[in-house]
Amino acid sequence: MISADALRLSDATLPSLPGAVARPAYDRGKTGIGIVHIGVGAFHRAHQAVYIDSLLGDEPDWAICGVSLHSSEVRDALRPQDGLYTLALLGEQPSQRVIGSIRELLCARDEPAAVLARLADPAVRLVTLTITEKGYCLAGDELDFTHPEIIHDLASPDAPKGAIGYIVAGLRQRRRAGTAPYTALSCDNLADNGGKLRRAVLQYAMRVDAELAAWIESHVAFPRSMVDSITPATDHVLRERVAAQLGCADAWPVQREPYAQWVVEDNFCNGRPAFERACVTMSDDIAGYDRAKLRLLNAPHSALAYLGSLMGIETVAEAMRKPALAGFVERLMREDIAATLDVLQGFDPDAYVDAILVRFRNPDIRHLLAQIAWDGSQKLPVRILGTIVDALAAGRRIERPCLPVAAWMHYVRRQASNGVALVDPLDETLREIGRAMTGNAHDDVAAFLELDAVFASVSTNPRFVAALSGAYSALGDATPAAVVHALGNSGDSAI
Ligand code: CS2
């Protein structure tokens, strides 16, 4: 146990940490805030903030103000630590590094004026986001004007609650003050994330003020990016281990695999950090990277999450030790998904798949399937339905990619019948569907296909409806034995 009176990680205790713990090699006091990051969760702190930490010695103007929109937890944990926290890299040779790039933490719900002041600050030239798929309030590719957050923010654009509302409120202040705009950089797992953010911002801004929208359209850059690093949620095991290694308490360390990749489109309107120095790949063609990553890493992740949960498995590494499941995702990746990828110059799909399988098998990472299973209604369209749409268009089989989608449906049914809440923006609708499910493939599939936000791209395609119903039936009563049986048979019959 971490003792209650243990020392706490902070600027004051930094010099007394054990030598093995890496720490900022620059004077934090000489850095200035140049980035506002919205969504300062574990992924941001394990990924982007680490790249920036590597740059601040040379580029001290790009420190981060980390904003949580709704929850004060991260602010309350890290403010007493001067924004410092530990990154634990999990692998054969684990290591710890204290990250210093977050200089300020704000909770927008409690301190909206402070967030708006930062967004107006001319020293801030970049706003970055990790707000997950649902944070963009999209219906398909368009802004969802029926979304409660959008309705609220349009009614009071100077006192917003959501990310789109804040980005536009900040730009509005800057335009009024004659300050150059910031670049808005999405770092979420969405295909064409910059394009989606741009469209959402412009559609929202049009309703606030058409001249503002025109100004944004011609002056603000929305680069696309691809982010990658497997980051399991923080648990008490990590907190205890980090406290023992540091000799002082850290209220919210983060952990990830050693591998990390960040590819950013080189399109900024108000300067940018010299990302290349921190091994960020700057590219003009993000589409190939994000498609490969979403389809070859995130889709199999979701497949493992739903199929593995039905089998009673808890983690990704454990799932990869089940030959039926590991074999299925490998076939899914190599035979179904890889065929839908445009070949990027120098991209070797087989080597990419090999590397992902090694990452999934990392025995030093306890990545819970339950964490990946969150937000299925948002993740499945982005991760796997695109593969199905492309396969349908090319006349290829879709039976295998339909199996994880059918597994999600069984998972929804199981959670509803066990009274377990789903973490999903559509949780209430899904609970109702789950409760009404009878196991009859025709009826159960029909109920899901009414979810336009998920299935609009495929719901009227008869081949898809037949394949999804077939996959749903193949999973039978979704017991572990039934799932193993379905995994073994998948791909044997053409649909
Ligand atoms: C995962 C991702 O939780 C999930 O849905 O698939 O967070 C995944 O670990 C990252 O995208 C890896 O870069």
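Residues numbered from 1 in each chain as written. Predicted model: local features only at pLDDT ≥ 70, side-chain atom pairs only at ≥ 80, totals over all residues. Heavy atoms only, no water.

This part covers the overall build of the chain. Scanning the chain from N- to C-terminus turns up 21 helices and 13 strands. Taking 495 residues into account, the globule formula puts the C-alpha radius of gyration at 23 Å, and the chain, at 23 Å, falls close to it. Across its three principal axes, the chain shows a C-alpha extent of roughly 65 × 55 × 45 Å. Looking at the chain as a whole, 55% of its 495 residues qualify as buried. Considering only contacts within the chain whose residues lie at least 6 apart along the sequence, 77% involve residues at least 24 apart. (Helix = DSSP H or I, 4+ residues; strand = E, 2+ residues; numbered from the N terminus. Rg over C-alpha atoms; globule rule 2.2 N^0.38 Å. Buried < 20%, exposed > 50% of the residue type's maximum accessible area, 1.4 Å probe, protein only. Contact = heavy atoms within 4.5 Å.)

It is worth spelling out the domain arrangement of the chain at this point. Structurally, the chain comprises domain 1 (14-284) and domain 2 (287-488). Averaged C-alpha coordinates put domain 1 and domain 2 at centres separated by 29 Å. In this complex, domain 1 contributes 25 residues to the contact, which on the side of domain 2 involves 22 residues. Summed over both sides, the interface between domain 1 and domain 2 buries roughly 1900 Å², with carbon and sulfur atoms accounting for 56% of that surface. Applying the counting criterion to the domain 1 and domain 2 interface returns three salt bridges. (Domains from an automatic or database assignment. Buried area = accessible area lost by both parts, 1.4 Å probe. Salt bridge = Lys/Arg side-chain N within 4 Å of Asp/Glu carboxyl O.)

Once that is clear, we can look at the pattern of salt bridges. As enumerated under the stated definition, the model contains 31 salt bridges in all. Note that Arg-75 and Asp-76 form a salt bridge whose closest N and O atoms lie 2.9 Å from each other. Asp-76 gets classed as partly exposed once you look at its relative accessible area, which sits at 43%. Each of Arg-75, Asp-76, Arg-79, Arg-109, Asp-110 and Glu-111 takes part in a single network of salt bridges with overlapping partners.

Our focus in this paragraph is the site of the ligand. With respect to spatial proximity, the complete set of residues near the ligand consists of Asn-189, Asp-228, Ser-229, Ile-230, Lys-293, Leu-297, Asn-298, His-301, His-367, Ile-372, Lys-379 and Arg-383. Taking Asp-228, its side chain carries an N or O atom lying 2.6 Å from an oxygen atom of the ligand. Taking Arg-383, its side chain carries an N or O atom lying 2.8 Å from an oxygen atom of the ligand. A total of 340 Å² of accessible area belongs to the ligand in isolation, and the protein chains cover 91% of it. Listed by contribution, the elements that provide at least two residues to the shell around the ligand are α10 (286-310) and α15 (376-393). The residue inventory of the shell around the ligand, partitioned by class, reads three nonpolar, five polar and four charged. (Near = heavy atom within 4 Å. Polar contact = N/O pair within 3.5 Å; in protein donor to acceptor, adjacent residues only side chain to side chain. Areas by Shrake-Rupley, 256 points an atom, 1.4 Å probe, with all protein chains shown as cover. Nonpolar A, V, L, I, M, F, W, Y, C, P; charged D, E, K, R; others polar.)

This part takes up the sheet that holds strand β5 (residues 102-107). Across a sheet, strands are paired by hydrogen bonds formed along the backbone, either parallel or antiparallel in direction. Pairing is parallel across the open sheet formed by five strands, whose spatial order is β5-β2-β1-β6-β9. With partners counted over all chains shown, the strands left at the sheet margins are β5 and β9 (183-186), one partner each. Averaged over all neighbouring strand pairs, the angle between strand axes comes to 20°, with direction disregarded. Where strand β1 (residues 33-38) lies against strand β6 (residues 126-129), four bridges are found, and the strand directions are parallel. By the bridge assignment for β6, Val-36 is matched with Val-127. (Pairing = 2+ DSSP bridges. Axes fitted to C-alpha atoms, helices over the stretch in contact; angles between N-to-C directions.)

Where α10 contacts helix α13 (residues 349-361), the two axes come as close as 11 Å, and the packing angle between them is 35°. Relative to α13, α10 is oriented so that their crossing is right-handed. Across from Ala-292, Lys-293, Leu-296, Leu-297, Pro-300, His-301 and Leu-304 in α10, the residues of α13 making contact are Tyr-352, Val-353, Ile-356, Arg-359 and Phe-360. The residue inventory of the contact of α10 with α13, partitioned by class, reads nine nonpolar, one polar and two charged. (Left-handed = near helix turned anticlockwise from the far one by under 90°.)

Bringing the pairing of strand β3 (residues 85-89) into the picture now. Along β3, four of the five residues are buried, which leaves the element largely enclosed by surrounding structure. Bridging between β3 and strand β4 (residues 95-99) involves five bridges; their strand directions are antiparallel. Opposite Ala-88, over in β4, you have Gln-96 as the bridge partner. Between β3 and the antiparallel strand that follows it, β4, lie five residues. Relative to strand β11 (residues 254-256), β3 runs parallel, the two being bridged by three bridges.

Keep in mind that most residues, glycine aside, have a negative phi and that most peptide bonds are trans. Positive phi, close to 50°, is recorded for Asp-192, a residue that is not glycine. For Asp-192, the position within the fold is in the loop between β9 and α7 (193-208). The phi dihedral of Asp-375 is positive, around 60°, even though this residue is not glycine. As for its position among the elements, Asp-375 is in the loop between α14 (369-372) and α15.

Position of Ser-469 relative to the elements: it lies in helix α20 (residues 462-474). Separated by 2.7 Å, the side chain of Ser-469 and the backbone oxygen of Val-465 make a polar contact. Not counting residues up to four positions away in its chain, the partners in contact with Ser-469 are Ala-441 and Val-445.

Burial runs high along helix α2 (residues 48-55): seven of the eight residues are buried. For α2, every residue scored as buried is listed here: Gln-48, Ala-49, Val-50, Tyr-51, Ile-52, Asp-53 and Leu-55.

Following the sequence through the fold, Ser-229 ends up in the loop between β10 (225-228) and α9 (236-246). Among the polar contacts listed, one links the side chain of Ser-229 to the backbone oxygen of Tyr-259, at a separation of 2.7 Å.

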